[in-house]
Amino acid sequence: MKRPYIVIFPAGATRVADFAFMHKDGGACFVDVGWDVPGQHPFHIIDGPISCTETQWESSNGIIIREVTEDDREEWQIWKTWLEYKSGPDGRRATDELAITACERDGALISIDQQIKYSESLKVRDPITGCSFVITNNVQKYEFQIAQILSNLCYHIHPDIVSYIQEKNEIDFDFFKRLFANLIPLEHYLFLGSACVWPGVKRYISGVGDRKKYNSSYEAIIDDNIFPRHLWCFLINGKPYSGANWKKTKLDEFELAHIFPHKASIEMKYFGKDEDIPPFGNFTCAGNIVLMPKGMVKPTDHSETIRSVFYQRHIELYGESTLKGREMFKSELVPDWYSSLKWNDPFKPLNWKDHISSLLKYRKSTITKIVDSYNMHKRASVGSALDS
């Protein structure tokens, strides 16, 4: 038999079950749809012995478990509604993995290997499309395992380094305010608690704007992920990013994951207080540039659950001060299994302070050259217009 199941009691009452297994006590067990609702007790045991055929199970007291079919109109509609709920944001906790683990804990006879086989056996019939074979994105079932792997593979920058950059940003605020006058809204990048390494730098949008230059239409310097790499290069060997240095330091085996969005959008629901302020400073924020082995960044981009795990990790390491206008993080929205994750120690080389000081001097000279180049070009254009 394959799910969905209908449980039929001798008096005629029915229940729709998401899971049904044999039980260690010799009977059977089933899990109601809606099992993720707080306060519910969806795990039910049916006393044995159980008589089993290919089409149904029957207990000694007459309880029958069989597959739901479209002829079971009411139960079929309940199942369709449950699937739609699980595929939406409200049902994100109702993963097969969590239910199966709970069943095993409560005595269901199912091993890890059986979990995999059982999950595969579910792809039999789509009650919405009617297709006899369903291609399903099963990432949600394995988000816990994916998070376990990523937490052991990624590298965050140490909070001491982030704090040092925050202190230096306060000192450098007046310098950049004068430099950016009438060109760049500095408050989007440098604010109280900002750990932005490259103020005024926005992510390049493919085909739009001139990279590594000031673009007046964007009120920013446009970059294609070169500037965030400087931070990791300086931390490791005290030198700026170049293709050769990226390879020499073996950073070419990694990618940069920007956990909090650096465009005009963010997961607003994770904060109790969230001002509508552009998060452009996140692009080069030292606490927001996480090092990941190549090919491992996508889950943090496309899985809300895994992103929330990394949100929580950021808050634990650096607090909320790096996130302008975003406070009162709702940790209750993070999966319950978060506390079981094991993380790499934050990255902190012995000579980090000297290297970060060199980086911050390098940023001043680099940004100054870019802004001066724009101003010179602008003055030259104005002079040419006047001459004509």
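Residues numbered from 1 in each chain as written. Predicted model: local features only at pLDDT ≥ 70, side-chain atom pairs only at ≥ 80, totals over all residues. Heavy atoms only, no water.

Could you give an account of the overall build of the chain, naming the residues involved and the relevant values?
Within the chain one finds ten helices and 14 strands. In the chain, buried positions account for 47% of the 388 residues. Within the chain, contacts between residues at least 6 apart in sequence are counted, and of these 65% link residues at least 24 apart. (Helix = DSSP H or I, 4+ residues; strand = E, 2+ residues; numbered from the N terminus. Buried < 20%, exposed > 50% of the residue type's maximum accessible area, 1.4 Å probe, protein only. Contact = heavy atoms within 4.5 Å.)

Can you break down helix α5 (residues 159-179) residue by residue, with the values?
Helix length check: α5 (21 residues) gives 29 Å between terminal C-alpha atoms against 30 Å at 1.5 Å per residue, within 8%. Helix geometry: α5 is bent most strongly at D172, by close to 50°. Every buried residue of α5 is listed here: P159, I161, V162, Y164, I165, Q166, N169, D172, F176 and L179. (Expected span 1.5 Å × (residues − 1). Bend = angle between axes of the 7 residues up to and from the residue.)

Kindly report on the confidence of the model for the chain, identifying the contributing residues and their values.
Mean pLDDT over the chain works out to 84, with 87% of the residues at or above the 70 mark. Within the chain, helix α3 (residues 112-121) has the poorest average pLDDT of any element, 52, and α5 the best, 97. (pLDDT = per-residue confidence, 0-100.)

Tell me about the packing of aromatic side chains, and name the residues and values.
Counting across every chain of the model gives 20 aromatic pairs. Centroid distance F176 to F180: 5.5 Å. Interplanar angle 40°. Geometry classified as tilted. Like F180, F176 is buried. Seen from their ring centres, Y241 and W246 are 5.5 Å apart, and the 70° between their planes marks the pair as edge-to-face. Members of the aromatic cluster, each reached through a chain of ring pairs, are F260, Y270, F271, Y311 and F329. One cation-aromatic arrangement involves K202 over F280; the distance from NZ or CZ to the ring centre is 4.0 Å. (Phe/Tyr/Trp six-rings, centres within 6.5 Å; stacked < 30°, edge-to-face > 60°. Lys NZ or Arg CZ within 6 Å of the ring centre and 35° of its normal.)

Break down unusual backbone geometry for me, with residues and values.
Backbone torsion omega between G48 and P49 reads 5°, so that peptide bond is classified as cis. Mapped onto the fold, P49 is located in the loop between β4 (43-46) and β5 (50-52). You will see that M328, though not glycine, has its phi angle at about 60°, which is positive. Within the fold, M328 resides in strand β14 (residues 326-329).

Can you lay out the sheet that holds strand β10 (residues 220-223) for me, pointing to particular residues and giving the numbers?
On the basis of which strands lie adjacent, the open sheet formed by three strands has the order β8-β10-β9 and mixed pairing. Every interior strand has two partners, whereas the edge strands, β8 (201-203) and β9 (214-215), have only one. Alignment of β9 against β10, held across two bridges, turns out to be antiparallel. By the bridge assignment for β10, N215 is matched with A220. (Pairing = 2+ DSSP bridges.)

Can you lay out empty space enclosed by the protein for me, pointing to particular residues and giving the numbers?
Left-over empty space is what a probe sized like a water molecule reveals as it rolls over the atoms. Throughout the structure, instances matching the rule amount to three cavities of 30 Å³ or more. Around the largest cavity sit twelve residues that line it, and F191, P279, N282, T322 and K324 are the ones nearest its centre. Here the second largest cavity defines a volume of roughly 40 Å³. Listing elements by their share of the lining of the second largest cavity, those giving two or more residues are β6 (56-59) and β7 (64-67). When residues in the lining of the second largest cavity are grouped by element, the largest group, three residues, is from β6. (1 Å grid on protein atoms, 1.4 Å probe; cavity = no way out; pocket = protein on both sides within 12 Å on 5 of 7 lines; lining within 4 Å. Points joined across faces, edges and corners; volume = space filled by probe spheres on them.)

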